[in-house]
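What follows is the residue order along each chain.
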Amino acid sequence: MDNHMTGHMTGGTIFKKMPVRLLGGLIAAGLALMLGTGMAVANPVDGGLGLQEAASPFMEQVHQFHNWVLMPIIVGISLLVLALLLIIIFKFNSKANPTPAKFSHNTLIEVIWTGVPILILLFVAVFSFPLLFSADVIPDGKRYLAQDTELAETFTSKSDTEFVIANDFSEHRRLSSKDHVEVFVIRNGERRELTYRKEFKLSGLKTDEVTIALTEPLAAGEELEIIAGRSRVGAKKFLDLFGTDNSQIVVAPSINIKVTGFQWGWNYAYPDEGDFEFNALIKKKEDLDDTSLYLFEPTKRIVVPVNETVRILTTGREVIHSWALPVFGVKIDAVPGRINESWFMATREGVFYGQCSEICGKDHAFMPIAVEVVSREEYQAWVDSEREFAGLEPKYTNTIKLAANADQAQ
Ligand SMILES: [Cu+2]
C-alpha cells in the first residue's frame, strides 16, 4: 500500500509544478491580450492586434466598454473555468480519487450557477444599453453662436454675462441637467471649455428658456459657443472614478448620406447637396497606389467633414448588406424595401476603411467602404466637383469666395 502511494507521489509532484507554470503562462497571455486591446492601431495593418484606434466619440465609449467591462469579465470567467478544470483533472482523476462520491445534484450550486450569470449580464447591460441607445437615436444637440452661421443657432444676450437659449427640444429631450449644456470660449480660433459653477452657472433648466450666466464677462475678441442637448456621447469617467471625462454633446446631423448596398458594391447619394450619386466598387489590384489598401480600397471614397454629425440612411437593392465602419462604431444593415439609419461624427481627418458585414453572396468579401474625413472647406470643394460632374451649378464656391473676401476686408 505504502509503495503504491509513493510511486504515484513522484508523478504527482511533476503534475503539481506544471499547472502553476501553465496558469502563469495563461495569465500572462490574458494580460497581453488585455493590454493589446488598449493599444492604438490606426486602420487595418499587418499583424494588428486589438481594436482599431477610435475616430469618433461613440467608438471611444465602445472601447471603454470593451476594455473596462467586457475584458475583465471575460478574463475572470476564463480563469475561473480554467481553475475548476484543473482541480477536476488533478484532484478527481481515477488515481488521485479512486473511490468517487456517488451523489448527484446540489441545489445551492445550481442556484449559484444560474444566478451569477444573470447578475453578470445585468452588470453588462448597465453599460451596453446606453451605448445601444446612442447608436440608435440620432443626436439632436444644438450649437449656439453669437454670429449666426448656416450650421448654428443664435442665443440672445440679456447682459454682458447673461445669455439665453431656447429650450425647444421635444418634451422628453428637454434640457434638465447641467450635463445637457456645454459652454466654450473661442479666442483666436482656440476653443476652451468653461467649468460649471466656477466659470458659469445655469438657471431655467426644465423651462422654456435656459440662462447661462458667466462669472466674468467675455474679454475683447472672445466669442461664446454654447452646445446643448441630451445626446452626450464618449468615454466618461468609469463608474465616476477612473479616467477622464471625454464625453461631449453631439449636435444634430448637418449631412445625410443615402447608402444603397447591391451585389456587389455601394451606391452613395447626398440628398442635401444635389441630385448626384455614384457607385463604389472594389478597386482592382493593378489600379492601387501607395495611399490605398488592397481589398479595402473602393473605386470611389465618400467624403465627409470632420467634427460634424453625419446621418447614414441605408437600404438594399436585392439582398441584405451591412454598412460597417469599425473606427466610427457604425454597423447598420441595408435591407431591401426599408430604410435604416445610423450616425457618426468623425473627430479626426484621414481615410477610414470598412467592409460589408452581412453575408450577401459570392462577392460579399469584395465590397469595401472608404470614408475620407476632411475639413469643411475641402468637403464643400468636393461637393462642387461632384455637382460639376453631374452637370449641376456649384453650390458652395460662391460662399467660399464671399467668406474669403470678407476675411480680406477685415
Ligand atoms: Cu454585402
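Everything here concerns the structure above.
Rules of the game
Residues numbered from 1 in each chain as written. Predicted model: local features only at pLDDT ≥ 70, side-chain atom pairs only at ≥ 80, totals over all residues. Helix = DSSP H or I, 4+ residues; strand = E, 2+ residues; numbered from the N terminus. Buried ≥ 20, exposed ≤ 12 C-beta atoms within 10 Å, placed from the backbone. Contact = placed C-beta atoms within 7 Å. Pairing = 2+ DSSP bridges. Axes fitted to C-alpha atoms, helices over the stretch in contact; angles between N-to-C directions. Expected span 1.5 Å × (residues − 1). Bend = angle between axes of the 7 residues up to and from the residue. Parallel < 35°, antiparallel > 145°, perpendicular 65-115°, else oblique. Nonpolar A, V, L, I, M, F, W, Y, C, P; charged D, E, K, R; others polar. Core = buried A, V, L, I, M, F, W, Y, C linked by C-beta atoms within 7 Å.

Considering the overall build of the chain
So, point 1. Helix and strand content of the chain: five helices and 20 strands.
So, point 2. Per-residue burial over the chain gives 25% buried out of 410 residues.
So, point 3. The contacts of the chain with a sequence gap of at least 6 include a subset with a gap of at least 24, amounting to 61%.

Focus: the pairing of strand β16 (residues 321-325)
Remember that side chains alternate between the two faces of the sheet whenever the strand is regular.
So, point 1. Of all five residues in β16, four are buried, a share of seventy percent or more.
So, point 2. Bridge count for β16 against strand β17 (residues 330-334) is five bridges, and the pairing is antiparallel. Each residue of the ladder has a partner; that of A324, found in β17, is K331.
So, point 3. Taking the residues that link successive antiparallel strands as the turn, the β16-β17 hairpin has four residues, and the phi of G329 there is positive, at about 70°.
So, point 4. Bridge count between β16 and strand β19 (residues 350-356): two bridges; the pairing is antiparallel.

Structural notes on the sheet that holds β19
So, point 1. Sheet architecture is open: five strands sit in the order β14-β20-β19-β16-β17, paired in mixed fashion. Every other strand in the sheet has two partners, leaving β14 (302-305) and β17 as the edge strands with one partner each. Each neighbouring strand pair of the sheet contributes to a mean axis angle of 25°, computed without reference to strand direction.
So, point 2. Across the sheet, helix α4 (residues 376-389) is in contact with β14 and β20 (368-374); its angle to β14 comes to roughly 140°.

Regarding the sheet that holds strand β5 (residues 190-193)
So, point 1. Reading across the sheet, the four strands line up as β1-β8-β4-β5 and stay open at both edges, with antiparallel pairing between neighbours. Looking at the sheet topology across the chains shown, the edges are occupied by β1 (142-145) and β5. Here the average twist between neighbouring strands, direction ignored, is 25°.
So, point 2. Judged from the seven bridges that link them, strand β4 (residues 181-187) and strand β8 (residues 222-228) form a sheet pairing that is antiparallel. Counted as the bridge partner of F184 is E225 from β8.

Considering the pairing of strand β3 (residues 162-166)
So, point 1. Of the two faces of β3, only the one carrying F163 and I165 is buried; E162, V164 and A166 on the other face are not.
So, point 2. Both strand β2 (residues 156-157) and β3 contribute to a ladder of two bridges, which runs antiparallel. Within β3, the residue paired with S157 across the bridge is F163.
So, point 3. In textbook terms, the turn of a hairpin is the stretch between consecutive antiparallel strands, and for β2 and β3 this stretch comprises four residues.

Details of helix α3 (residues 107-136)
Along an α-helix, a turn takes 3.6 residues, which lines up residues three or four apart on a common side.
So, point 1. In a regular helix each residue adds 1.5 Å, so 30 residues correspond to 44 Å; α3 covers 42 Å between its end C-alpha atoms and thus fits that length.
So, point 2. The sharpest bend along α3 reaches about 35° and sits at V126, with the proline P130 one to four residues further on.
So, point 3. When you tally the buried positions in α3, you get one out of 30 residues, a small fraction of the element.

Here we look at the environment of S177
So, point 1. Mapped onto the elements, S177 comes out in the loop between β3 and β4.
So, point 2. Residue S177 is classed as exposed on the basis of its C-beta count, with 11 C-beta atoms lying within 10 Å.
So, point 3. In sequence terms S177 and S203 are 26 residues apart; their C-alpha atoms lie 10.0 Å from each other.

Observations regarding the packing of helix α2 (residues 57-91) against α3
So, point 1. Axis separation between α2 and α3 bottoms out at 11 Å; the angle between their running directions is 170°. The angle between α2 and α3 places the two elements in the roughly antiparallel class. Across the interface between the two elements, F58, Q61, V62, F65, V69 and I73 of α2 pack against I120, V124, F127, S128, L131, S134 and A135 of α3.
So, point 2. Tallied by class, residues from the contact of α2 with α3 come to ten nonpolar, three polar and no charged.

Some words on the nonpolar core
So, point 1. One finds I226 and F328 to be the most contacted residues of the largest nonpolar core, which totals 57 residues.
So, point 2. When residues no more than four places from it in sequence are discounted, the contact partners of F328 are A55, S56, M59, F344, A346 and F352.

Let's talk about α4
So, point 1. A rise of 1.5 Å per residue sets the reference length of α4, with its 14 residues, at 20 Å; its end C-alpha atoms lie 20 Å apart and thus fit the reference within 8%.
So, point 2. For α4, the full list of buried residues reads Y379, W382, V383, D384, E386 and R387.
So, point 3. Looking one or two places after α4, you find G391, whose phi comes out positive at around 80°.

Considerations on unusual backbone geometry
So, point 1. The amide bond that connects Q263 to the next residue, W264, takes the cis arrangement and shows omega of 0°.
So, point 2. Here W264 lies in the loop between β11 (255-262) and β12 (265-269).
So, point 3. Phi angles above zero are rare outside glycine, and H105 is one such case at about 70°.
So, point 4. Checked against the element boundaries, H105 lands in the loop between α2 and α3.
So, point 5. Residue H105 is classed as exposed on the basis of its 6 C-beta neighbours within 10 Å.
So, point 6. Here the phi dihedral of K206 falls at roughly 75°; this positive angle occurs in a residue that is not glycine.

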